[in-house]
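# A look at the structure
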Amino acid sequence: YVRRLRDLLGPTVAEGPGKEEAYQTLYLVLENYLKALGPIIPFTTEFLFRSLTGRESVHLESWPSLDYKAFKRPELEAEMENAIKLASKIHALRKDNKVPVKIPFRKLEYSGPQKLSEEVLKVVLAEVNVDALEYTEEGGDYAVAGDVSESNQDQARGRARDFVRQIQGLRKEAGCKITDRIVIHAPTSSADNPPWPKEFEDYIKRETLATKILPAAELTPAGPLT
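Residues numbered from 1 in each chain as written. Predicted model: local features only at pLDDT ≥ 70, side-chain atom pairs only at ≥ 80, totals over all residues. Heavy atoms only, no water.

## Section: the packing of aromatic side chains
Tallied over the full model, the rule gives three aromatic pairs. Taking the centre distance of 6.4 Å and the plane angle of 80 degrees together, the rings of Phe200 and Tyr203 count as edge-to-face. According to the relative accessible area criterion, Phe200 is buried, its value standing at 17%. For Tyr203, a relative accessible area of 23% gives the class partly exposed. Grouped by ring-pair contacts, the aromatic residues Tyr110, Tyr135 and Tyr142 constitute a single cluster. (Phe/Tyr/Trp six-rings, centres within 6.5 Å; stacked < 30°, edge-to-face > 60°. Buried < 20%, exposed > 50% of the residue type's maximum accessible area, 1.4 Å probe, protein only.)

## Side note on the pairing of strand S4 (residues 182-187)
Bridging between S4 and strand S5 (residues 210-216) involves six bridges; their strand directions are parallel. Across the sheet, residue Val183 finds its bridge partner in S5, namely Lys212. Direction of pairing for S4 relative to strand S6 (residues 220-222): antiparallel, over a ladder of three bridges. Its bridge partner lying in S6, Val183 is registered against Ala222. (Pairing = 2+ DSSP bridges. Helix = DSSP H or I, 4+ residues; strand = E, 2+ residues; numbered from the N terminus.)

## A closer look at helix H5 (residues 74-96)
With 23 residues, H5 should reach 33 Å at 1.5 Å per residue; the first-to-last C-alpha distance of 33 Å fits that figure. Elements that come into contact with the buried residues of H5 comprise strand S1 (108-112), helix H6 (118-128), strand S2 (133-138) and strand S3 (143-145). The positive-phi residue at the C-terminal boundary of H5 is Lys98, with phi of around 55 degrees. (Expected span 1.5 Å × (residues − 1). Contact = heavy atoms within 4.5 Å.)

## Examining helix H3 (residues 42-53)
In this model H3 runs 16 Å from its N-terminal to its C-terminal C-alpha over twelve residues, within 8% of the 16 Å that 1.5 Å per residue would give. Along H3, the positions that sit buried rather than exposed are Thr45, Glu46, Phe49 and Thr53. Down the axis of H3, the smallest arc covering the buried residues is 105 degrees, so these residues share one side. Opposite the buried face of H3, by more than 90 degrees, sit the exposed residues Phe43, Phe47 and Ser51. Contacts made by the buried residues of H3 are with helix H2 (17-37). Positive phi shows up at Gly54, right after H3, with a value of about 80 degrees. (Arc of directions from axis to C-beta.)

## Things to note about the packing of H5 against H6
At a closest axis distance of 10 Å, the pairing of H5 and H6 adopts a crossing angle of 25 degrees. Between H5 and H6, the angle is such that the two are roughly parallel. Helix-helix and strand crossings are classified by hand; for H5 and H6 the assignment is right-handed. In this structure, H5 uses Leu76, Glu79, Met80, Ala83, Leu86, Ala87, Ile90, His91 and Arg94 to contact H6, whose residues at the interface are Val120, Val124, Glu127 and Val128. Among the residues making up the contact of H5 with H6, the classes are represented as nine nonpolar, one polar and three charged. (Axes fitted to C-alpha atoms, helices over the stretch in contact; angles between N-to-C directions. Parallel < 35°, antiparallel > 145°, perpendicular 65-115°, else oblique. Left-handed = near helix turned anticlockwise from the far one by under 90°. Nonpolar A, V, L, I, M, F, W, Y, C, P; charged D, E, K, R; others polar.)

Here it is, written out as C-alpha cells:
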C-alpha cells in the first residue's frame, strides 16, 4: 500500500485532492499502527509517535478501535487477494526471464478464476509495471503468458527510470533535501547524444526536481540551487 502511494506523495507531485487524501490516509494508518505496536516495541513506537504527531506519548493514548463491519467489503477483499496472486505470477515471470521491474512490458495475458475489475487491475498494472493485461480464460489458478522479448518491452522508459534512480542516489549522497532543486551534469559526447532517452527529459527533471540537464565529464547533481 505504501509503495503504491509513492506517486501521490512528495514534492514532485502537484497539489490536489488526491495528494491530500493520501497524506491523511497514511497519517491515520501510521498513527493507529503505532498505538497497536506500543506494548510490543515501546521505545521505537514512542519515538516515531512523538515525531509524527507532536503529542506527549503513545502510551498515554487510547487503544485504537474500529467498527470493522462499517468498512468491511468482502468482495473487494477477495478480489485484492486474487490481485496479489496475479502480481506474484508476473513478478515470477520477470525473474525467470531476467527482466527487471523497471522495464515495462507493453502487454501480457492472464487466466484464472476471476477477471479483475478495472479499479483493481489498475493497481496490479502499476505494481508490476505492465501497460496492459488481457484476460483470456477462466481457470483454477492464475497463470501469465506473453512475449517476454525486448519487442514487448519499453526499453527507453526503463532507461529513463534507471537514470532517475541514479540521480536520486546521487542527491542523497550529496546531502540534498527532498525539496532542493538541482542541475544534473551528465556525460555525453554531444548535446544530440544524451545518456538518457531524450523524449523522457521532462519526466526525468520532474522526478528529480532538476531545472536542467547539462553535458559534463561525469554524472553529478549540482545543488541545492539558491
